[in-house]
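Residue-level structural notes
One-letter residues, chain by chain:
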Amino acid sequence: MTQFPPPGAPRARIPSPQQPPPSYPRVRAGLWRRCLWSGLALWALTAIVVHATGDAALLPTLILLGCFLTPVAFVLWAYERHGHDLGVSVILGCFLTGGTLGVLGASLTKDLLLYPSPRMFAGLGLAEEAMKLGALVFVLRRRPGIRGLRAGLVLGATVGLGFAAMEGAGYAFRAAVATPGLGFRALLETEILRGVLAPFGQGLWTAIAGGVLLACRHPNGRFRLTGAVAATYLGVALLHALGESTHGIAVWLVVRLTGGEPGRHLFTEGYIAHPTEEQQHLFTLLSLGGLVAVALLGLGWARSLTRRAPSWRSTP
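Residues numbered from 1 in each chain as written. Predicted model: local features only at pLDDT ≥ 70, side-chain atom pairs only at ≥ 80, totals over all residues. Heavy atoms only, no water.

Taken together, the side chains of L238, L242, I249, W252, L253 and L257 make up a nonpolar region of the molecular surface, amounting to roughly 500 Å² of accessible area. Only helix 8 (227-244) and helix 9 (246-257) provide two or more residues apiece to the nonpolar patch. The dominant element in the nonpolar patch, judged by the number of residues it contributes, is helix 9, at four residues. Mapped onto the elements, L242 comes out in helix 8. (Patch = residues over 30% accessible without salt bridge, like charges linked within 9 Å, V, L, I, M, F, W, Y side chains within 5 Å. Areas by Shrake-Rupley, 256 points an atom, 1.4 Å probe, with all protein chains shown as cover. Salt bridge = Lys/Arg side-chain N within 4 Å of Asp/Glu carboxyl O. Helix = DSSP H or I, 4+ residues; strand = E, 2+ residues; numbered from the N terminus.)

And the structure:
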C-alpha cells in the first residue's frame, strides 16, 4: 500500500542533469575594449618617457606596443563575437604563423622586384596573399571540422592582422634607425598610420579570401581550388596592390592635375621635388582618399559575404 507523506513534509529533490561546460574557453565580454584602452595608455606613457629621456633601450617596447595593439584588440573582438568556438590555439596559430610567413614572402618578393612599379605592387599583392592563405591552410590542415564562411572570415582576418603587426614592427624599426637621432617622430607616425589601417587593409583582405576558401572546403577537410576561390584570391590581390600603390598614384595624379608633366619616375621615386603648398594639400587629399576608397571596396565586399551567411549573426 502506498503511503503519501503528510502535508508540509519536505520532499526530496532529484537533481537536474548538469550542463557540460563548453569545450572552448570563455572570454569576458569587453576584453578587447579593455585591452585596447589599457594598451593605448601604456603606449602613450612609453612614448612620453622615450621623448623625455631619449633612452633607445625603450624603443623595442614602444614598437611592440604600437604595432601589436590594434591587431591584437581586433582579434580579441573577433574571437569574442564570432569565433569563440574555434579555439584559442587556432587563433594563436593563425596570428603567429600568418605573420611570420607573410613577412618572409614580402621580403623575398621585394628582393626580386627591386624598385617601386606597378609590377612590384602586383607581385606583392599576389605573393603576400598567397603566403597568408598558405599559412591558413597549414594551421588548419589537421582540423577538418573547421570550415564555413564565418570561420574563414575570423581566421583569415587573424592571419592578416598577424602579418600587419609584424610588418608594421619592421617598418617602425626602419623609421627609427633611418632617421638621425632616435627617429621618434617618424616612428610614431608609422605606428599610428599602420595601426589605424591594419583592420581595413591586411586583415580585411585576408578575411575575404579566407572566408571563401573555407566556405568551399570539403566536409572531409580537403581544400578545394574552385573558380570562386581563384577569383577571390585575384580580386583580393588587386585590392592589396591598390592599397600599396596609393602613395605613388597620388604623386602621379598631383603632378597631372597641377599642370606638370607626369612620368614613370614619379611613381617609382614616390615624391615630388620642391612641391608647392597646393601640391602638398592635394597629395594629402588624394593619398588619404585612395586609402579610404580601397577600404570601402573591401568593406563592401566583406559585407556582401556576411549577408549570405546566417551563421555570422547567430554565432554559437
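Structure shown, so let's carry the discussion forward.
Helix packing geometry: the angle between the two helix axes and the distance between the axes. As a packed pair, helix 7 (residues 202-215) and helix 11 (residues 277-307) sit with axes 10 Å apart at the nearest point and diverge in direction by 25 degrees. Our classification of the angle between helix 7 and helix 11 gives roughly parallel. Between helix 7 and helix 11 lies a crossing whose hand is left-handed. Note on element contacts: helix 11 touches helix 7 through V294, A295, G298, L299, W301, A302 and L305, opposite L204, W205, I208 and V212. Class assignment for the residues of the contact of helix 7 with helix 11 results in ten nonpolar, one polar and no charged. (Axes fitted to C-alpha atoms, helices over the stretch in contact; angles between N-to-C directions. Parallel < 35°, antiparallel > 145°, perpendicular 65-115°, else oblique. Left-handed = near helix turned anticlockwise from the far one by under 90°. Contact = heavy atoms within 4.5 Å. Nonpolar A, V, L, I, M, F, W, Y, C, P; charged D, E, K, R; others polar.)

Before going further, it helps to examine the packing of aromatic side chains. Under the defined criterion, the tally for this structure stands at two aromatic pairs. Seen in terms of ring centroids, F74 and W77 are 5.4 Å apart; in terms of plane orientation they differ by 40 degrees. Their pairing is tilted. In this pair, F74 and W77 are both assigned in helix 2 (residues 59-82), three residues apart and thus about one turn of the helix distant. Among the residues examined, W77 registers a relative accessible area of 24% and is labelled partly exposed. Between the NZ or CZ atom of R141 and the centre of the ring of F138, over which it lies, the distance is 4.1 Å. (Phe/Tyr/Trp six-rings, centres within 6.5 Å; stacked < 30°, edge-to-face > 60°. Buried < 20%, exposed > 50% of the residue type's maximum accessible area, 1.4 Å probe, protein only. Lys NZ or Arg CZ within 6 Å of the ring centre and 35° of its normal.)

Locating V212 in the fold gives a position in helix 7. When the C-alpha atoms of V212 and L149 are compared, they prove to be 6.2 Å apart, with 63 residues separating the residues in sequence. The residues touching V212, leaving out its near neighbours within four places in the chain, are L149, A228, V229, T232 and L305.

With the rule as written, the count across this model stands at three salt bridges. For the salt bridge of D85 with R150, the shortest nitrogen-to-oxygen distance reads 3.1 Å. Here the residue D85 occupies a position in the loop between helix 2 and helix 3 (88-112), and R150 occupies one in helix 5 (residues 149-178), the gap between them amounting to 65 residues. For D85, a relative accessible area of 28% gives the class partly exposed. A salt bridge links R194 to E167, with the shortest nitrogen-to-oxygen separation between them at 3.5 Å. Within this pair, whereas R194 is found in helix 6 (residues 184-197), its partner E167 is found in helix 5, the two being separated by 27 residues in sequence.

What follows concerns the packing of helix 7 against helix 8. Helix 8 packs onto helix 7 with a crossing angle of 175 degrees between their chain directions and a minimal axis gap of 9 Å. When the axis of helix 7 is compared with that of helix 8, the two are roughly antiparallel. In this structure, helix 7 uses Q202, W205, I208, A209, V212 and L213 to contact helix 8, whose residues at the interface are A228, V229, T232, V236, L239, H240, G243 and E244. Residue composition of the contact of helix 7 with helix 8, by class: nine nonpolar, four polar and one charged.

Take the nonpolar core next. Formed by 39 residues in total, the largest nonpolar core has its most connected members in C94, L136, L140, I146 and L155. If you list the elements that add at least two residues to this core, you get helix 2, helix 3, helix 4 (118-140), helix 5, helix 7, helix 8 and helix 11. With near-sequence residues (within four places) excluded, L155 lies in contact with L86, V90, I91, C94, L136, L140, I146 and L214. Counting 13 residues, the second largest nonpolar core, distinct from the first, contains W43, L62, F184 and L188. (Core = buried A, V, L, I, M, F, W, Y, C linked by side-chain atoms within 4.5 Å.)

Turning next to helix 2. Its 24 residues place the ends of helix 2 35 Å apart at the C-alpha level, agreeing with the 34 Å of an ideal helix rising 1.5 Å per residue. At F68, helix 2 is bent by approximately 40 degrees, the largest bend along its length, and proline P71 sits one to four residues beyond. (Expected span 1.5 Å × (residues − 1). Bend = angle between axes of the 7 residues up to and from the residue.)

By themselves, these figures tell us nothing about what the structure is for.
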